[in-house]
Amino acid sequence: MKRLGDVRAAIKQRLEEVVAGLRILAGMAQPGEPALAPATVNGAVMALRAQVDEVVRLSALDDSQSAPVRVPCPFCQQLIMPTAILCGFCWRRLTPAAAG
């Protein structure tokens, strides 16, 4: 079971990652910078959305609930759901065998 302090620390870390990702995306979209490909923007937005979804999930936990089991992404080693088909951190496509 996750302790409340652990959950709060995880939420804080995820929110910091979202803010950092938004800063990077905003910096890439500045006037004078090369135009971003729609696929690049969509990938970045999907990754940030996954981070926000994780914050929402973590904020719903209390001491009586345990977090779902996570496995490391075979590419970036961030913890992801075993059934993931796309890593929310490195954006690489996963096969069910690769994620587990």
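Below you will find a few notes about this structure. Given the structure is predicted, the values throughout are model-derived calculations rather than measurements.

## Observations concerning the layout of surface pockets
1) Next: Reported here for the largest pocket is a volume of approximately 350 Å³.
2) Next: Contributing to the lining of the largest pocket are 19 residues, with A50, Q51, L86, C87 and G88 lying nearest its centre.
3) Next: Put simply, the parts of the chain that give the lining of the largest pocket at least two residues each are α2 (38-60) and β2 (79-80).
4) Next: For the lining of the largest pocket, the element with the most residues is α2, which contributes eight residues.

## Points about the nonpolar core
1) Next: Core analysis: the largest hydrophobic core is formed by six residues, namely V71, C73, I80, A84, C87 and L94.
2) Next: Counting residues in hydrophobic clusters, the runner-up holds five residues, among them V7, A10, V55 and L58.

## As for the state of the cysteines
As used here, a disulfide is simply a covalent bond connecting the sulfur atoms of two cysteines.
1) Next: Inspection of the entire model under this criterion finds zero disulfides.
2) Next: With no disulfide of its own, C73 has C87 as its nearest cysteine by sulfur position, at a separation of 3.8 Å.
3) Next: Just so you know, C87 is unpaired, no disulfide at all, and the nearest cysteine sulfur is the one on C76, 3.7 Å from it.
4) Next: On the accessibility criterion, C87 (0% relative accessible area) is buried.

Rules used throughout
- Residues numbered from 1 in each chain as written.
- Predicted model: local features only at pLDDT ≥ 70, side-chain atom pairs only at ≥ 80, totals over all residues.
- Heavy atoms only, no water.
- 1 Å grid on protein atoms, 1.4 Å probe; cavity = no way out; pocket = protein on both sides within 12 Å on 5 of 7 lines; lining within 4 Å.
- Points joined across faces, edges and corners; volume = space filled by probe spheres on them.
- Helix = DSSP H or I, 4+ residues; strand = E, 2+ residues; numbered from the N terminus.
- Core = buried A, V, L, I, M, F, W, Y, C linked by side-chain atoms within 4.5 Å.
- Buried < 20%, exposed > 50% of the residue type's maximum accessible area, 1.4 Å probe, protein only.
- Disulfide = S-S within 2.5 Å.

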